[in-house]
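An overview of the molecular structure
One letter stands for each residue in the lines below.
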Amino acid sequence: IAGITQAPTSQILAAGRRMTLRCTQDMRHNAMYWYRQDLGLGLRLIHYSNTAGTTGKGEVPDGYSVSRANTDDFPLTLASAVPSQTSVYFCASSERGGSPLHFGNGTRLTVT
Amino acid sequence: SQQGEEDPQALSIQEGENATMNCSYKTSINNLQWYRQNSGRGLVHLILIRSNEREKHSGRLRVTLDTSKKSSSLLITASRAADTASYFCATHSLIQGAQKLVFGQGTRLTINP
């Protein structure tokens, strides 16, 4: 089934550790996104990529980095996790900016 | 800051009734999108309405857009228990040359059987 695959589905991580959240899409979409969802704050954009080889900062980029080496993969890295990064992380893709987004099922991350 | 603000934050109705959710926003938009999220899952796109459109239908969904009031509404007719979910509006804009899709905080809809 075509769509977005995120891994892991959940993770408990000690503060200070490095972590990469994986995201793969098989729809050949140009644009990909990372959002975090927190109770009372809705979804906030962390980083985005309009096409392979380019990335941009969203609303809350600090403490996160991304890369877009190819069309299909868009990993999100936390270089040194902090408790405030405890959240549910969603990866999404779209054909182009402004098109409807397709979401993965999220990664629930707890930083202790 | 959030572009879209949904109202109400939570809504509980009986099965068969209609559910209306509202979304207000602050800046000019290219389009407005509505999404649904079931508990523990990712968001699913429902409907997109462009800034030059006033109303759009999809099955039991009806979306309106009033750009003069900077508001949109999502109407679900003849609600079913399976419609229980959170619903989000998202506004697409060009901000400083960059395309942005900004989500509101959502309306939690409960359909009581």
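Residues numbered from 1 in each chain as written. Chains lettered and ligands numbered in written order. Predicted model: local features only at pLDDT ≥ 70, side-chain atom pairs only at ≥ 80, totals over all residues. Heavy atoms only, no water.

**Quick word on the interface of chain A and chain B**
Each side of the interface is counted separately: chain A has 19 residues, and chain B has 21 residues. With both chains or domains summed, chain A and chain B bury close to 1,600 Å², and 50% of this area falls on carbon and sulfur atoms. Linking chain A with chain B are zero salt bridges. There are seven residue pairs in polar contact (both at pLDDT 80 or more) connecting chain A and chain B. At the level of elements, strand S4 (31-38) and strand S5 (42-49) of chain A are the ones that each hand at least two residues to the side of chain A that touches chain B. Considering every element that reaches the side of chain A that touches chain B, the biggest residue donor is S5(A), with four residues. (Contact = heavy atoms within 4.5 Å. Buried area = accessible area lost by both parts, 1.4 Å probe. Salt bridge = Lys/Arg side-chain N within 4 Å of Asp/Glu carboxyl O. Polar contact = N/O pair within 3.5 Å; in protein donor to acceptor, adjacent residues only side chain to side chain. Helix = DSSP H or I, 4+ residues; strand = E, 2+ residues; numbered from the N terminus.)

**Considerations on the packing of aromatic side chains**
In this structure the tally under the stated criterion is eight aromatic pairs over all chains. Each ring, one from Tyr35(A) and one from Phe103(A), has its centre 6.1 Å from the other, and the planes form 40°; the classification is tilted. Highlighted residues: Tyr35(A) in strand S4 and Phe103(A) in strand S10 (residues 102-103), separated in sequence by 68 residues. For the pair shown, Tyr35(A) and Phe103(A) are each scored as buried. On the basis of an interplanar angle of 55° and a centroid distance of 5.3 Å, the ring pair of Tyr35(B) and Phe103(B) is categorised as tilted. (Phe/Tyr/Trp six-rings, centres within 6.5 Å; stacked < 30°, edge-to-face > 60°. Buried < 20%, exposed > 50% of the residue type's maximum accessible area, 1.4 Å probe, protein only.)

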